[in-house]
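# Observations on chain architecture
Next come the chains, spelled out residue by residue.
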Amino acid sequence: NPQQQLQFNITLFGRKDRLLLVHDVTRLVQLEQMRKDFVANVSHELRTPLTVIRGYVETLQSAADHLPGRSQRMLEQMAQQSQRMELLITDLLTLSHLETDLPDDPTEVDVHDLIAQICADARALSGERQHRISHQVDSGWMIAGYGPELRSAFSNLIFNAVKYTPEGGQIDVRWQVDDNEGVLAVSDTGIGIAEHHWPRLTERFYRADPSRNPDTGGTGLGLAIVKHVLLRHEGHLSIDSRMGKGSTFYCHFPRQRLQQRVSEPAL
Ligand code: ADP
């Protein structure tokens, strides 16, 4: 069938006695596409009834003064849980969009401005937990890429640093460029992640030690989103962490994706 996308994985090994293995993975590719379509459709279809439920819960809450305390607490739970479901659906849709849609033409994304905005949002998220959040990003660096996707990836990392770092902890965001690559490093002084978890962290819904982690209300999809965004920028994610000391997540971008805009000298 000429319409059918045919793909082969070829493994070649051995030096003297060569063996060529050819696997037809066409069916696997089709199944993977069906999985992606299914997730995208289900997420989309769930959104409408959820919006209706949230609307009714909010209406009931606004007229809940006369209700007994227990009923008010139930309504509060319903509001929280439906908000959580909304986040989950949004993240699932983001992920399936990243997996299936072809990227638009890249635009120039200003790294300094983007990080400054996200750090301001992170301070609001920290609120009374009073983390110290600093960023060192030279101005003028541009990434040829997709602004909303980069915002989503960097926000996930910086908000995770806030979520998994106890009150008053330190969060540093740094940007460095050498001949080969540009690296955004997000460091925290939080709970840390044991090394055996590192290879699986970007899997959907994977959580390191859920019993030990604070309940952050996260969806378990954040790092999967980060991984896919970086892939679409020809980059990758790496991690370094020590239990009880903190973690650093590194976003690597190839040098050819970066440009430095030289600022106009003041007249
Ligand atoms: P979640 O919504 O659970 O935060 P993520 O995909 O963003 O999902 O992260 C996956 C898991 O990685 C988290 O559940 C947590 O166990 C771990 N993790 C991510 N970031 C950090 C961090 N900065 N410090 C400690 N653990 C982290």
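Below: a short report on this structure. (Residues numbered from 1 in each chain as written. Predicted model: local features only at pLDDT ≥ 70, side-chain atom pairs only at ≥ 80, totals over all residues. Heavy atoms only, no water.)

### Details of a nonpolar patch on the surface
A grouping of Leu 28, Leu 31 and Met 34 is seen on the molecular surface, where their side chains present a nonpolar patch of about 310 Å² in accessible area. The exposed category is assigned to Leu 28, whose relative accessible area is 56%. (Patch = residues over 30% accessible without salt bridge, like charges linked within 9 Å, V, L, I, M, F, W, Y side chains within 5 Å. Areas by Shrake-Rupley, 256 points an atom, 1.4 Å probe, with all protein chains shown as cover. Salt bridge = Lys/Arg side-chain N within 4 Å of Asp/Glu carboxyl O. Buried < 20%, exposed > 50% of the residue type's maximum accessible area, 1.4 Å probe, protein only.)

### Considering the environment of Arg 84
Note that Arg 84 resides in helix 2 (residues 69-100). Residue Arg 84 is classed as partly exposed on the basis of its relative accessible area, which comes to 32%. C-alpha separation for the pair Arg 84 and Arg 261, spaced 177 residues apart in sequence, amounts to 41 Å. Every residue in contact with Arg 84, bar those within four places of it in the chain, is listed here: Arg 207, Asp 215, Gly 217 and Gly 218. (Helix = DSSP H or I, 4+ residues; strand = E, 2+ residues; numbered from the N terminus. Contact = heavy atoms within 4.5 Å.)

### Topic: the nonpolar core
Among the nonpolar cores identified, the biggest contains 43 residues, and Ile 115, Phe 154, Trp 175, Leu 201 and Phe 253 are the most heavily contacted of them. Among the elements of the structure, helix 2, helix 3 (111-126), strand 5 (141-145), helix 4 (147-163), strand 6 (170-177), strand 7 (181-188), helix 5 (222-232) and strand 9 (246-254) are those that each provide at least two residues to this core. Element by element, the count of residues in this core is highest for helix 4, at seven residues. (Core = buried A, V, L, I, M, F, W, Y, C linked by side-chain atoms within 4.5 Å.)

### Side note on the packing of helix 1 (residues 26-62) against helix 2
Two measures define how a pair of helices packs: the angle their axes make with one another and the distance between the axes. Direction vectors running N to C along helix 1 and helix 2 enclose 155°, while the axes themselves pass 8 Å from each other. Classed by the angle they form, the pair helix 1 and helix 2 counts as roughly antiparallel. Considering only the axes of helix 1 and helix 2, their crossing is left-handed. Of the residues contributing to the contact of helix 1 with helix 2, the split by class is 13 nonpolar, nine polar and seven charged. (Axes fitted to C-alpha atoms, helices over the stretch in contact; angles between N-to-C directions. Parallel < 35°, antiparallel > 145°, perpendicular 65-115°, else oblique. Left-handed = near helix turned anticlockwise from the far one by under 90°. Nonpolar A, V, L, I, M, F, W, Y, C, P; charged D, E, K, R; others polar.)

### Quick word on the site of the ligand
Taken together, 21 residues lie near the ligand, and Asn 160, Tyr 164, Arg 207, Asn 213 and Gly 220 sit nearest. One nitrogen or oxygen atom from the side chain of Tyr 164 is found 2.7 Å from an oxygen atom belonging to the ligand. A distance of 2.8 Å is found between an oxygen atom of the ligand and a side-chain nitrogen or oxygen belonging to Arg 207. A total of three residues in the shell around the ligand trace back to one element, the largest contributor, which is helix 4. A class-by-class count of the residues in the shell around the ligand yields 10 nonpolar, eight polar and three charged. (Near = heavy atom within 4 Å. Polar contact = N/O pair within 3.5 Å; in protein donor to acceptor, adjacent residues only side chain to side chain.)

### Let's talk about the sheet that holds strand 3 (residues 107-110)
Spatial strand order, 3-5-10: three strands in an open sheet with antiparallel pairing. One side of each edge strand has no neighbouring strand; the edge strands of this open sheet are strand 3 and strand 10 (258-260). Going from strand to strand, the sheet's axes swing by 35° on average, the running direction of each strand aside. Looking at chain direction, strand 5 and strand 10 are connected through three bridges and run antiparallel. Its bridge partner being in strand 10, Met 142 is matched across the sheet by Gln 259. (Pairing = 2+ DSSP bridges.)

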